[in-house]
Amino acid sequence: MSDCSSSGSDEDLDPEIELLDELGGTLSKWTNYIHGWQDRWIVLKGNILSYYRSADEKEYGCRGSICLSKAVITPHEFDECRFDISVNDSIWYLRAENPLLRQQWIDTIELHKAESGYGSESSLRRHGSLLSLTSAASGLSTTSASSCKKGYSLREKLAEMETFRDILCRQVDTLQKYFDNCADADSKDELHRDKVSEDEEDFPTLWPDGDYLLNNNNSSKEKLFPVDNLKGPLGIDFKGEAITFKATTAGILSTLSHCIDILVKGEESWQRRLDKEIERRKRTEDAYKAAVTELKKKPHYGGPDYEEGPNSLINEEEFFDAVEAALDKHDQIEEQSQAERSRASRRISFTPDTYSSISTQKYLTTPHSQTSSVDLISASDDVHRFSAQVEEMVQSHMNYSLQDVGGDANWQLVVEEGDMKVYRREVEENGIVLDPLKATHAVRGVTGHEVCHYFWDTAFRNDWETTVESFQVVETLSDKAVIIHQTHKRVWPASQRDVLYVSVIRKILSTNENDPDTWLVCNFSVDHDGYPPSARCIRAKINVAMICQTLISPPEGDKKITRDNILCKITYVANVNPGGWVPASVLRAVAKREYPKFLKRFTSYVQEKTSDEVVLF
């Protein structure tokens, strides 16, 4: 990652502020199941993560952003370059170029998240306390309101408690004054006693306050108080106040007991409500888990975790169902397109070119008008840097591909429809299915040259090939050999694939005059500096051959040969390495379904194109 922008001088920035500067770099982001992984410019500023199509488009605004305050950053369990950022239901799937760069991104994002004011222990404690206070106040207010509406008995008892409290306070004040006066009177009495003890007179002395001191025989002195002083200083009735105090405290205890009973009943009511709420929540959680489980069973997620691969979240059965559904949809669209093309199409006449030759003139009673020499198709004229590989592939197909496999125990007959038979030999290498396929077919009304021509010539490719999204002739090696880059339509959840291959067309002259000549188109994978494998597609490897021979039933008498007298014997072989893991059962089922459909579609196209044309041998 590189530092994209910063503001202020270096002296003014402390480490925390500098940490929150804008950072940016390129990561691969999962867009959708059609386009897959795409490079995007990712910008990290503060606790906001944004992305742009490229660094040059920043001025036009970001295409999306997420706040990292509550984001969860998860490194992928199996992909060392991938990590996911999730905020609630929003998930960003990101991939770095290498594991080290991924870890740098994760560390930086986590650091920004922690230093942005959320995620540190102090900030969590601060926000949590505020939330708790607010929630507590809100809860108290709600409870009080509910009590005022429904708990009338409790409210009345609380009012009684307020009255008892006021009475009790007054009584405590009165008793306190009584005790204070008693203490003052006791102090004054002690003072008087001390003065009397100093005086030795035996007669009583009258004190100004009306008290009399008498001298008894035991020389003890006794203070006489008026009767009114029994009520205590200030005329307080101590006994009455004590009785009232006792009654007040008894009333308080009784009211408190009643309040406790009310609270217990309220607690039982709230407990019942809580039990109901717990049961309701449990049912909701069970329903949620059941819904999540059901959703996981449906392979409709567009995230990369549901793509093909040994760690895919989709099992083989779900994978197969998804692929089959996608293929059915493609077939339906193609049938509609084909019907529209058939109504609006115009015939394009086929002009014989330098490949025209008389491959079956030994069967002709009247020579065909096309007399081009077969030497034009000889290997000596087809020289380029892949010539040696071409010769090796052609020789291999002529030696092995034409052999009859009907009695071979290693080959299984998987499809038989009329003259068409499809065989398969099961082969796996490192868990990848590499089953060779071989199909034989017989088509009336067309020649081997015509079939191979339409199969090889890219000008007609889109007319019959329905699985190709785009193709391009990368390099023309010769008049009979080209290098083609071909991208196939994606069938989710399988990854999109492309192939880069050499395609050559050849005529192989027969060494036996009783056997027909052979036309062959050979396609095999090669490497090219201008078209390296991309992250968007998985590069598959192919070795495919279309081998055709023309058989003619001579007409009676001097009649000319027509298409009714022609039969093309076709042998089609395909060895495909898908380039990545795909469930074996899925790959074999798709091959069994698609190869026969391809052969029927292609041969029907050739018959339709050549029905009104001159026979090309």
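Residues numbered from 1 in each chain as written. Predicted model: local features only at pLDDT ≥ 70, side-chain atom pairs only at ≥ 80, totals over all residues. Heavy atoms only, no water.

## Describing the overall build of the protein chain
Argument step 1. Broken down by element type, the protein chain carries 10 helices and 23 strands.
Argument step 2. The contacts in the protein chain between residues at least 6 apart in sequence include a share of 59% that link residues at least 24 apart.
Argument step 3. With the model as given, the accessible surface of the protein chain reaches about 37200 Å², and the carbon-plus-sulfur share is 52%. (Helix = DSSP H or I, 4+ residues; strand = E, 2+ residues; numbered from the N terminus. Contact = heavy atoms within 4.5 Å. Areas by Shrake-Rupley, 256 points an atom, 1.4 Å probe, with all protein chains shown as cover.)

## Some remarks on the packing of helix α8 (residues 448-456) against helix α10 (residues 584-610)
Argument step 1. For the pair α8 and α10, the least separation of the axes is 10 Å and the interaxial angle reads 110°. Classed by the angle they form, the pair α8 and α10 counts as roughly perpendicular. Our pair here, α8 against α10, has a crossing hand that is right-handed. Contacts between α8 and α10 involve E450, V451, Y454 and F455 on the former and, on the latter, F598, F602, Y605, V606, K609 and T610.
Argument step 2. Across the contact of α8 with α10, the residue classes break down as 7 nonpolar, 1 polar and 2 charged. (Axes fitted to C-alpha atoms, helices over the stretch in contact; angles between N-to-C directions. Parallel < 35°, antiparallel > 145°, perpendicular 65-115°, else oblique. Left-handed = near helix turned anticlockwise from the far one by under 90°. Nonpolar A, V, L, I, M, F, W, Y, C, P; charged D, E, K, R; others polar.)

## Things to note about the confidence of the model for the protein chain
Argument step 1. Looking at the protein chain, the pLDDT average stands at 74 and 70% of residues meet or exceed 70.
Argument step 2. Within the model, the stretch residues 118-152 combines pLDDT values under 50 with 12 contacts to residues more than four positions away or in other chains.
Argument step 3. Per-residue pLDDT stays below 50 along residues 346-378; that stretch engages in 68 contacts with residues further than four places along the chain or on separate chains. (pLDDT = per-residue confidence, 0-100.)

## Comments concerning the pattern of salt bridges
Argument step 1. The final tally for this structure, using the stated rule, is 19 salt bridges.
Argument step 2. The residue R588 makes a salt bridge to E428 at a minimum N-O spacing of 3.3 Å. Of this pair, R588 sits in helix α10 while E428 is found in strand β14 (residues 428-429), placing the two residues 160 residues apart along the sequence.
Argument step 3. The exposure class assigned to R588 is buried, which follows from its relative accessible area of 14%.
Argument step 4. A residue is classified by how much of its surface remains accessible, and E428, at 46% relative accessible area, is partly exposed.
Argument step 5. Among the salt bridges present, the one from D517 reaches K507, with a minimum N-O distance of 3.9 Å. One end of the pair, D517, is in the loop between β19 (497-508) and β20 (518-525); the other, K507, is in strand β19, with 10 residues separating them in the sequence.
Argument step 6. By relative accessible area, which is 11% here, D517 ends up buried.
Argument step 7. By sharing partners, the salt bridges in this structure join E428, D435 and R588 into a single network. (Salt bridge = Lys/Arg side-chain N within 4 Å of Asp/Glu carboxyl O. Buried < 20%, exposed > 50% of the residue type's maximum accessible area, 1.4 Å probe, protein only.)

## Notes on the pairing of strand β2 (residues 22-32)
Argument step 1. Counting buried residues along β2, 8 of its 11 residues qualify, which places the element largely inside the surrounding structure.
Argument step 2. Where β2 meets strand β3 (residues 36-45), 9 bridges bridge the pair, whose relative direction is antiparallel. Along β3, the bridge assignment pairs N32 with G36.
Argument step 3. With 2 bridges connecting them, β2 and strand β8 (residues 90-95) associate as antiparallel partners. Of the residues in β8, the one forming a bridge with K29 is L94. (Pairing = 2+ DSSP bridges.)

## Overview of the pairing of strand β17 (residues 468-478)
Argument step 1. Here β17 pairs with strand β18 (residues 481-488) via 8 bridges, running antiparallel. Note that in β18 the partner of S470 across the bridge is T487.
Argument step 2. Hairpin connection, β17 to β18: the antiparallel pair is bridged by 2 residues.

## What about the packing of aromatic side chains?
Argument step 1. The full count for this structure, using the stated rule, is 12 aromatic pairs.
Argument step 2. Aromatic side chains Y454 and F460 sit 4.8 Å apart centroid to centroid with 65° between the ring planes, which places their arrangement in the edge-to-face category. Here Y454 and F460 have matching classes, each one buried.
Argument step 3. For the ring pair Y454 and Y605, a centre distance of 5.9 Å and an interplane angle of 90° mean the geometry is edge-to-face. Taken together, the residues Y454 in helix α8 and Y605 in helix α10 connect sequence positions 151 residues apart. Y605 carries the same exposure label as Y454, and that label is buried.
Argument step 4. Cluster of aromatic residues (ring-pair linked, three or more members): F455, W464, Y572, Y595, F598 and F602. (Phe/Tyr/Trp six-rings, centres within 6.5 Å; stacked < 30°, edge-to-face > 60°.)

## As for the side chain of N47
Argument step 1. Topologically, N47 is positioned in the loop between β3 and β4 (48-52).
Argument step 2. Classification of N47 by relative accessible area gives buried; the value is 15%.
Argument step 3. One polar contact links N47 to S69, side chain to side chain, over a distance of 2.7 Å. (Polar contact = N/O pair within 3.5 Å; in protein donor to acceptor, adjacent residues only side chain to side chain.)

## A closer look at the environment of Q171
Argument step 1. Structurally, Q171 is set in helix α4 (residues 152-198).
Argument step 2. Accessibility expressed as a relative area gives 4% for Q171, which makes it buried.
Argument step 3. Apart from the residues lying within four places of it in its own chain, the contact partners of Q171 are E241, T244, F245 and T248.

## Observations regarding the side chain of R102
Argument step 1. Among the structural elements, R102 can be located in helix α2 (residues 99-115).
Argument step 2. Here R102 sits buried without a salt bridge, and the closest side chain of opposite charge, D79, lies 6.2 Å off (N-O distance).
Argument step 3. The residues touching R102, leaving out its near neighbours within four places in the chain, are P75, H76, D79, E80, C81, R82, F83 and A96. (Lys, Arg positive; Asp, Glu negative; His and termini not counted.)

## Remarks on helix α7 (residues 387-401)
Argument step 1. In this model, α7 (15 residues) spans 20 Å end to end at C-alpha, consistent with the 21 Å of a helix rising 1.5 Å per residue.
Argument step 2. Along its buried surface, α7 packs onto β16 (437-444), β19, β20, β22 (541-552) and β23 (566-577). (Expected span 1.5 Å × (residues − 1).)

## Quick look at the nonpolar core
In summary, soluble globular proteins display a tendency toward joint burial of nonpolar side chains.
Argument step 1. In terms of nonpolar packing, the biggest core is built from 38 residues, with V451, F455, M546, Y572, F598 and F602 touching the most fellow members.
Argument step 2. The leading source of residues in this core is α10, at 7 residues.
Argument step 3. Apart from the residues within four sequence positions on either side, Y572 is in contact with L437, K438, A439, F455, V544, A545, M546, Y595, F598 and L599. (Core = buried A, V, L, I, M, F, W, Y, C linked by side-chain atoms within 4.5 Å.)

## Points about the environment of K29
Argument step 1. With respect to the helices and strands, K29 occurs in strand β2.
Argument step 2. Residue classification places K29 among the buried residues on the basis of a relative accessible area of 9%.
Argument step 3. Between the alpha carbons of K29 and R95 there is a distance of 6.5 Å; along the sequence they are 66 residues apart.
Argument step 4. Each residue touching K29, except ones within four places of it in the same chain, is listed here: G36, W37, Q38, R40, Y51, W92, Y93 and L94.

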